[in-house]
2 protein chains.
Amino acid sequence: PQVGDSWATVAANSGPPPPQHQGGGERTNIYVRSFFFPSEDSFNQLANALKSAKHSIDLAIYSFTDNDLSKIITNAHRNGIKVRIISEDDQVGKMGNDIEFLRDEASAPNESLMHNKFCIVDKRFVITGSYNWSKAARRQNQENILITNSPEAVQSYCREFNKLWKQF
Amino acid sequence: PQVGDSWATVAANSGPPPPQHQGGGERTNIYVRSFFFPSEDSFNQLANALKSAKHSIDLAIYSFTDNDLSKIITNAHRNGIKVRIISEDDQVGKMGNDIEFLRDEASAPNESLMHNKFCIVDKRFVITGSYNWSKAARRQNQENILITNSPEAVQSYCREFNKLWKQF
Ligand SMILES: [Zn+2]
Ligand SMILES: [Zn+2]
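Analysis parameters
Numbers given to residues run from 1 along each chain, matching the order in which its sequence is written. Here every chain gets a letter starting at A, and every ligand a number starting at 1, in the order they are written. pLDDT decides what is reported in this predicted model: residues at 70 or higher carry local features, side-chain atom pairs at 80 or more are listed and counted, and totals for whole chains, interfaces and linings draw on all residues regardless. The side-chain quantities take in all heavy atoms of the structure and omit both hydrogens and water. Elements are defined by DSSP. Helices are runs of H or I of four residues or more, strands are runs of E of two residues or more, and each kind is numbered from the N terminus. Contacts are assigned to residue pairs that have any heavy atoms within 4.5 Å of one another. We define a polar contact as two N or O atoms separated by no more than 3.5 Å, with the added condition that, inside protein, one atom must be a possible hydrogen donor and the other a possible acceptor, whereas residues neighbouring each other in sequence contribute only through side-chain atom pairs. Residues belong to one nonpolar core when they are buried, are Ala, Val, Leu, Ile, Met, Phe, Trp, Tyr or Cys, and are joined through side-chain atoms within 4.5 Å. We call a residue buried when its accessible area falls under 20% of the maximum for its residue type, exposed when it is over 50%, and partly exposed in between, using a 1.4 Å probe and counting protein chains only. When DSSP locates at least two bridges between a pair of strands, those strands are taken to pair.

A. Summary view of the environment of T128 of chain A. Note that T128 of chain A resides in strand β6 (residues 125–129). In this structure, the C-alpha to C-alpha distance between T128 of chain A and T148 of chain A, residues 20 residues apart in sequence, is 8.8 Å. With residues near it in sequence (within four places) discarded, T128 of chain A still touches K117, F118, N144, I145, L146 and Y157 of chain A together with N144 and L146 of chain B. Among the polar contacts listed, one links the side chain of T128 of chain A to the side chain of N144 of chain B, at a separation of 2.8 Å.

As structure tokens, this is what we get:
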């Protein structure tokens, strides 16, 4: 979704909204949305979610070769959004001068892989699933992502990201 | 959220999980849990989630070489639970006499891969993430799964599974 999209538009593209509660200071607008690939519609949902970033993008991604996503991240960083990337993909290192980037150096057989594919935007929502940020994932493979603003999920992915960030 | 709320408003109001309501037919006990690997604790959470199956297990998994998970699935099937598996992994074909199993035959370079790693249990909750059901995923790699009973998520993963089931 894009900032400015009405809730109705967002909801129409993503299934029924959560149950509505009135008053009482309750916060019930938690969503869990899923998108499947190959699909340019799904890709656009992912791209729009990333473009909605205002403060930070924390990305743990095994493979990152999609130029359109790379442009979105580079633009975000240019606009002052804090970007941190952990990847197995050395193409990420070519993305920009000072994007904070850590590459897992493991490459020998039987070494561990940073196989995650998740992204936390503004500590506000998390994107996770099977989807690598690659052309094959976008155009050929059967893949899925799930996007949620569940605070439990966001908090625990943030914790994991920070742990990995120290580790690599 | 109200129809007409901007996306920014909706997002700004998101926060901790909704309070739990009893009765009233409200569906408020929705959970979104995440687990990270390598970790035997996380593995046990996954195993226990699978062991909780009472009716059906629908599994779309790129790679499936973990014998412990294979035993859980085989036992479930033996106990009358309906099991359907779509995989790229031909080891799955050796699991049991009559587990319903479809293998994606694509293996040439540049062919599409069934790269999903999701599992729907009893149409009650879905497990998704980067985690393949393999020893490397369990013991070496940095991986994550997310388990949710969100009805939107369960419904849309079910829809996708049925679509893939027809397609392969
Ligand atoms: Zn910078
Ligand atoms: Zn059978």
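B. Spotlight on the nonpolar core. With 32 residues, the main nonpolar core has I120 and Y157 of chain A together with I120 and Y157 of chain B as its most contacted residues. Contacts of I120 of chain B, omitting those with residues within four sequence positions, involve S56, I57, D58, F125, V126, V154, Y157, C158 and F161 of chain B.

C. Representation of the pairing of strand β5 (residues 117–121) of chain A. All names here are of chain A. With 5 of 5 residues buried, β5 is to be regarded as a mostly interior element. Residue alternation in β5 divides its side chains into two sets, K117, C119 and V121 and F118 and I120, and both sets are buried. Bridge count between strand β2 (residues 56–61) and β5: 5 bridges; the pairing is antiparallel. Following the sheet pairing, L59 is matched in β5 by C119. Bridging between β5 and β6 involves 3 bridges; their strand directions are antiparallel. Bridging across to β6, I120 finds its partner in V126. Between β5 and β6, which follow one another and run antiparallel, lie 3 residues, and D122 among them has a positive phi close to 55 degrees.

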